[in-house]
Amino acid sequence: MNIVLIGATGFIGTALLNEALNRGHAVTALATRPDKLAARERLTARKADVMDVAALTAQLAGADAVLSAFSGHAQGDVQSYYLSGVRNIIAAAKEARAPRLLVVGGAGSLKVAPGVQLLDTPGFPDAYRASAEGARQALNLLRDEASLDWTMLSPAAMISPGERSGVFRLGGDQLLVDGAGNSAISVEDYAVAMIDELEQPAHRRQRFTAAY
């Protein structure tokens, strides 16, 4: 496929880029610092600003799918900047008539008990609260879309560098934990789950999660 990947130089974006290229897809990588991307076969790097909707729309035109790993973590007001960016990405994807939009979500909006999301539990780290709240609101924005073919993939509570095993579980809106109560996945296996969804859609207009 011809994929446009937003946020290709970030933590998760880099893993998505590697997985997509390794599977033979052509990727147009959009980033604020495209010079950070080394030249690779089937990779086109472009400078992008998600706050410029018109320019972003033009960059998304003709893509078979758009992957958004946009995070806004480099900004002071993460939540506000992230939500503005997501709104613009949604608008640009619709204007460009992108067939699909796949979005990197957060674990904070996953349920840990009836009516209780992880973000609302007492032990949720304050350092991640703003970005988690932004991701929760972004999910609500997507769920309000009447026509966009979207999917959001929320990681486990802990996502970190590791191995690409290709062995993990998928779930819906519930936080997945193992027998010891841990919720984790490697960023490499998260990327596997996302590109699997790209190639064989199973969660259209839904949020899903992946964990060991």
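Residues numbered from 1 in each chain as written. Predicted model: local features only at pLDDT ≥ 70, side-chain atom pairs only at ≥ 80, totals over all residues. Heavy atoms only, no water.

Digging into unusual backbone geometry
At step 1: Its identity as a non-glycine residue notwithstanding, Arg97 has a phi of 55°, on the positive side.
At step 2: With relative accessibility at 74%, the residue Arg97 sits in the exposed group.
At step 3: Of note in this structure, Arg205 is not a glycine but carries a positive phi near 55°. (Buried < 20%, exposed > 50% of the residue type's maximum accessible area, 1.4 Å probe, protein only.)

Here's the deal with the nonpolar core
At step 1: Leu5, Leu16, Leu67 and Met194 are the most contacted members of the largest nonpolar core, which totals 34 residues.
At step 2: Looking at this core, the elements that each hand over two or more residues are strand E1 (2–6), helix H1 (11–22), strand E2 (26–31), strand E4 (65–68), strand E5 (101–104), helix H5 (187–199) and strand E12 (206–211).
At step 3: Leave out the neighbours within four places in its chain, and Leu67 touches Ile3, Val4, Leu5, Ile6, Leu16, Leu102, Met194, Ile195 and Leu198.
At step 4: Of all hydrophobic cores here, the second largest spans 28 residues; its members include Ala92, Leu101, Ala135 and Ala138. (Core = buried A, V, L, I, M, F, W, Y, C linked by side-chain atoms within 4.5 Å. Helix = DSSP H or I, 4+ residues; strand = E, 2+ residues; numbered from the N terminus. Contact = heavy atoms within 4.5 Å.)

A few points about the pattern of salt bridges
At step 1: Within the structure shown, the criterion is met by 14 salt bridges.
At step 2: The partner of Glu41 in a salt bridge is Arg42, with the nearest N and O atoms 4.0 Å apart.
At step 3: Within this structure, Glu19, Arg23, Arg164, Asp196 and Glu199 form a network of salt bridges that share partners. (Salt bridge = Lys/Arg side-chain N within 4 Å of Asp/Glu carboxyl O.)

A closer look at the sheet that holds E12
At step 1: Taken in spatial order, the eight strands line up as E3-E2-E1-E4-E5-E8-E12-E10 in an open sheet, and their pairing is mixed. Unpaired on one side and paired on the other, strand E3 (43–47) and strand E10 (169–171) mark the two borders of the sheet. The average angle at which neighbouring strand axes cross in this sheet is 20°, direction not considered.
At step 2: Note that E1 and E4 share four bridges and pair parallel. Counterpart to Val4 in the pairing with E4 is Val66.
At step 3: Of the strands in this sheet, E1, E2, E3, E4 and E5 touch H1, which is tilted by about 170° from E1.
At step 4: Its contacts with the sheet place helix H2 (residues 53–60) against E1, E2, E3 and E4, and it is angled at close to 150° to E1. (Pairing = 2+ DSSP bridges. Axes fitted to C-alpha atoms, helices over the stretch in contact; angles between N-to-C directions.)

Such coordinate-based values are descriptive only and should not be taken to indicate function.
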